[in-house]
Structure formats: C-alpha cells, structure tokens
Amino acid sequence: MGAEDDFGLWERELRAEAQDRPESSGLRGLLLVAVATAAGCRVLITMGQAPLGTAGLVLSSVILLLWRAGM
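Residues numbered from 1 in each chain as written. Predicted model: local features only at pLDDT ≥ 70, side-chain atom pairs only at ≥ 80, totals over all residues. Heavy atoms only, no water.

Asks: Just checking my understanding: could you explain the overall build of the chain for this structure?
Replies: When helices and strands are counted, the chain shows three helices and zero strands. Counting from the amino terminus, helix and strand elements in the chain follow one another as α-α-α. Split into buried and exposed, the 71 residues of the chain put 7% on the buried side. Of the roughly 6,300 Å² of accessible surface on the chain, a fraction of 65% belongs to carbon and sulfur atoms. (Helix = DSSP H or I, 4+ residues; strand = E, 2+ residues; numbered from the N terminus. Buried < 20%, exposed > 50% of the residue type's maximum accessible area, 1.4 Å probe, protein only. Areas by Shrake-Rupley, 256 points an atom, 1.4 Å probe, with all protein chains shown as cover.)

Asks: When you look at the confidence of the model for the chain in this model, what are you seeing that I'm missing?
Replies: Across the chain, the average pLDDT comes to 81, with 80% of residues at or above 70. The secondary-structure element of the chain with the lowest mean pLDDT is helix α1 (residues 7–20), recorded at 68, while helix α3 (residues 50–69) shows the highest, at 90. (pLDDT = per-residue confidence, 0-100.)

Asks: Could you clarify how one ought to interpret a nonpolar patch on the surface in this entry?
Replies: Together, F7, L9 and W10 make up an exposed nonpolar region whose accessible area comes to about 320 Å². Looking at the secondary structure, you find W10 in helix α1. (Patch = residues over 30% accessible without salt bridge, like charges linked within 9 Å, V, L, I, M, F, W, Y side chains within 5 Å. Salt bridge = Lys/Arg side-chain N within 4 Å of Asp/Glu carboxyl O.)

Asks: How should I be thinking about helix α2 (residues 25–46) in this particular structure?
Replies: For an α-helix, the turn length of 3.6 residues means that residues three or four places apart are oriented alike. The first and last C-alpha atoms of α2 sit 31 Å apart over 22 residues, in line with the 32 Å expected at 1.5 Å per residue. Backbone geometry just downstream of α2 places G48 in the positive-phi region, at approximately 100 degrees. (Expected span 1.5 Å × (residues − 1).)

Asks: Can you help me understand α3 in this one?
Replies: The first and last C-alpha atoms of α3 sit 28 Å apart over 20 residues, in line with the 28 Å expected at 1.5 Å per residue. Residues G53, S60 and L64 constitute the buried set of α3. Buried positions in α3, seen along its axis, are confined to an arc of 35 degrees and lie on one side of it. Seen from the open side of α3, the exposed residues pointing more than 90 degrees away from its buried face are P51, V58, L59, L65 and A69. Of the surrounding secondary structure, the elements contacted by the buried residues of α3 are α2. Just past α3, the residue G70 takes up positive phi, approximately 90 degrees. (Arc of directions from axis to C-beta. Contact = heavy atoms within 4.5 Å.)

Asks: Looking at this model, I keep getting lost on the packing of α2 against α3. Mind explaining?
Replies: If you want to describe how two helices pack, look at the angle between their axes and the distance between the axes. Axis separation between α2 and α3 bottoms out at 8 Å; the angle between their running directions is 170 degrees. Accordingly, the angle class assigned to the pair α2 and α3 is roughly antiparallel. Seen from α2, the contacting residues are L27, L30, V33, A34, T37, A38, C41, L44 and I45; seen from α3, they are A50, L52, G53, T54, G56, L57, S60, L64, W67 and R68. (Axes fitted to C-alpha atoms, helices over the stretch in contact; angles between N-to-C directions. Parallel < 35°, antiparallel > 145°, perpendicular 65-115°, else oblique.)

Now the structure itself:
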C-alpha cells in the first residue's frame, strides 16, 4: 500500500481559504442593521401599528437572510 497520507497539504489548503475570507466587519454590519430594523419595528408595534411592524420584521428578516446567503 504505497499511498501516503497528505494531511499537511490539506491543512495548508484549508488555512489558505480561511485567510482569504473577508473580516468579520461584514457580519458586524449585518448585526447592526438587524438590530436597528428590529428596534424600529418594535417601536411601530408599541405605537399600535402591529400589522406594519410585523410586516417590517418579516420582510427585513427575509432580506437579511438572503443577503447573508449571498443572493
């Protein structure tokens, strides 16, 4: 069985992918947008505009999910 285990090569490839990833600033921005949107929708709900606040939460959740997925 002359096959060698080339785990070192695989590990180097994985490290290269991790270094090519963007910084976590994109995730931080996404979290900031989500919190601000949720706060705005919460204000709408407490002011008596429950359907509008709920629609805003649902729509923003779908948009943020698609944005995070890269679509």
